[in-house]
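# Structural overview
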Amino acid sequence: MKPKISFQGVSRQFDLGHGEAFLALDRLSLDIADGEFVTVVGPSGCGKSTAMNIAAGLMKPSAGAVLVDGVEVSGPGPERGVIFQQYALFPWLTVQENVEFGLKIAGVERAERKRTADHFIELVGLSRFADALPKMLSGGMKQRCAIARAYAVNPKILLMDEPFGALDALTRVQLQDQLLSTWSRERRTVMFITHDVDEAVYLANRVIVMAAKPGRLHRIIDVGLPYPRNEAIRLSPEFAAIRNSVWHEVYHQHASQTEQKALEEN
Ligand SMILES: Nc1ncnc2c1ncn2[C@@H]1O[C@H](COP(=O)(O)OP(=O)(O)OP(=O)(O)O)[C@@H](O)[C@H]1O
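Residues numbered from 1 in each chain as written. Predicted model: local features only at pLDDT ≥ 70, side-chain atom pairs only at ≥ 80, totals over all residues.

### A closer look at the overall build of the chain
Within the chain one finds eight helices and ten strands. Taking 2.2 N^0.38 as the reference for a compact globule, 266 residues should give roughly 18 Å; the C-alpha atoms of the chain span a radius of gyration of 19 Å, in line with that estimate. Its C-alpha atoms give the chain principal-axis dimensions of about 65 × 50 × 40 Å. The burial tally for the chain puts 39% of its 266 residues in the buried class. For the chain, restricting intrachain contacts to residue pairs at least 6 apart in sequence, the fraction spanning at least 24 positions comes to 70%. (Helix = DSSP H or I, 4+ residues; strand = E, 2+ residues; numbered from the N terminus. Rg over C-alpha atoms; globule rule 2.2 N^0.38 Å. Buried ≥ 20, exposed ≤ 12 C-beta atoms within 10 Å, placed from the backbone. Contact = placed C-beta atoms within 7 Å.)

Right under this line is the structure:
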């Protein structure tokens, strides 16, 4: 079957000036199936955001290509919803208006727009704040608004870069569960970056472990736990075993980089 997203030998180099260049991503090849949920973990600077920005069409690769439904990505598109850690809300629009924004651009008529926005605002628990401006919301509430805005346009692909990173533990778990329940209903394809290994395992069909210097694919770990996921799964020995193996892959490459750095310095 044709993958939904296909990274084909994707590299990205940054020009540092003075004729120097930095290879942030080295020949990433990865297929993500339609309806699959993959999470991406790895040490800081391993090219996770670079890979996602290229898939989002916000950055061009230096070599290789990302294909979506077999077509090369050349810019952003409505079928790819992007959610960053930093809630990108319009400060002069209310929660309701922020969530309706993309629908308005897409030409959805007023009553339908309101119905859809109401649904997603309720889903993220912001109904009481629908008329509030972003400056009146906490960080967690702003992020929930940004999530409702991305969900509202119903993109077939969600590209999420540490979307829950700035949230408190309880809100985070609630949003993980909401994300999984909308995902199982609507079967979007999700690529989700996180630093949290528990979160990576809890959400995913597969965990992509990346390595740094240069940023590259290190390991792919199949999670294999059934859905729906819940607290019983989170606390199960099977979950712990997978979490340990992902942690091992991330931690040991970090440890070996530290050792290498110490050797270089001596
Ligand atoms: N515009 C740029 N110019 C130069 N270097 C860059 C630029 N953008 C990113 N980099 C470098 O590329 C590498 C990969 O960055 P990227 O943000 O993709 O990593 P990441 O895995 O998402 O990191 P983190 O987990 O810390 O968010 C980093 O070393 C970063 O410093």
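### Some thoughts on the confidence of the model for the chain
Averaged over all residues, the pLDDT of the chain is 91; the fraction at 70 or higher stands at 95%. Scored as a complex, the prediction yields pTM 0.90 and ipTM 0.96. (pLDDT = per-residue confidence, 0-100.)

### Details of the site of the ligand
As a structural note, the neighbourhood of the ligand is formed by Phe14, Phe22, Ala24, Gly42, Ser44, Gly45, Cys46, Gly47, Lys48, Ser49, Thr50 and Gly215. Of all the secondary structure elements, the ones that give two or more residues to the shell around the ligand are β2 (20–32) and α1 (48–56). In terms of residues, the shell around the ligand owes the most to one element, α1, which gives three residues. A class-by-class count of the residues in the shell around the ligand yields four nonpolar, seven polar and one charged. (Near = placed C-beta within 6 Å. Nonpolar A, V, L, I, M, F, W, Y, C, P; charged D, E, K, R; others polar.)

### Digging into the environment of Glu79
Note that Glu79 resides in the loop between β5 (71–72) and β6 (80–83). Those residues in contact with Glu79 that lie beyond four places of it in its chain are Val68, Pro155, Lys156 and Ile157.

### Digging into helix α4 (residues 139–152)
An ideal rise of 1.5 Å per residue puts 20 Å on 14 residues; α4 measures up with 20 Å between its terminal C-alpha atoms. Among the 14 residues that make up α4, twelve are buried, leaving the element largely enclosed by the rest of the structure. Within α4, burial applies to Met141, Lys142, Gln143, Arg144, Cys145, Ala146, Ile147, Ala148, Arg149, Ala150, Tyr151 and Ala152. For α4, the secondary structure elements touched by its buried residues are β6, α2 (95–105), α3 (110–123), β7 (157–161) and α5 (169–186). (Expected span 1.5 Å × (residues − 1).)

### Thoughts on the domain arrangement of the chain
Along its sequence, the chain is carved into domain 1 (5–79 + 160–265) and domain 2 (87–154). Measuring from the centre of the C-alpha atoms in domain 1 to the corresponding centre in domain 2 gives 26 Å. Contacts between the two partners involve nine residues from domain 1, matched on the other side by eight residues from domain 2. Looking at the side of domain 1 that touches domain 2 residue by residue, the class counts come to five nonpolar, three polar and one charged. (Domains from an automatic or database assignment.)

### Structural notes on unusual backbone geometry
Of note, the bond from Lys213 into Pro214 is cis; its omega dihedral lies within 30 degrees of zero at -5°. The backbone of Glu162 shows a phi angle near 50°, a positive value even though the residue is not glycine. On the secondary structure map, Glu162 appears in the loop between β7 and α5. In this structure Glu162 comes out as buried when scored by C-beta crowding, with 20 C-beta atoms within 10 Å.

### Thoughts on the nonpolar core
In this structure, Ala55, Ala148, Leu159, Met191, Val201, Val207 and Val246 are the most contacted members of the largest nonpolar core, which totals 69 residues. When residues in this core are grouped by element, the largest group, eight residues, is from α4. Each of domain 1 (5–79 + 160–265) and domain 2 (87–154) gives at least three residues to this core. (Core = buried A, V, L, I, M, F, W, Y, C linked by C-beta atoms within 7 Å.)

### Some remarks on the environment of Leu23
By the element assignment, Leu23 lies in strand β2. What makes Leu23 partly exposed here is the crowd of 16 C-beta atoms within 10 Å. Along the sequence, Leu23 and Ser62 sit 39 residues apart, while their C-alpha atoms lie 9.6 Å from each other. Excluding its chain neighbours within four sequence positions, the residues that come into contact with Leu23 are Ser11, Gln13 and Pro214.

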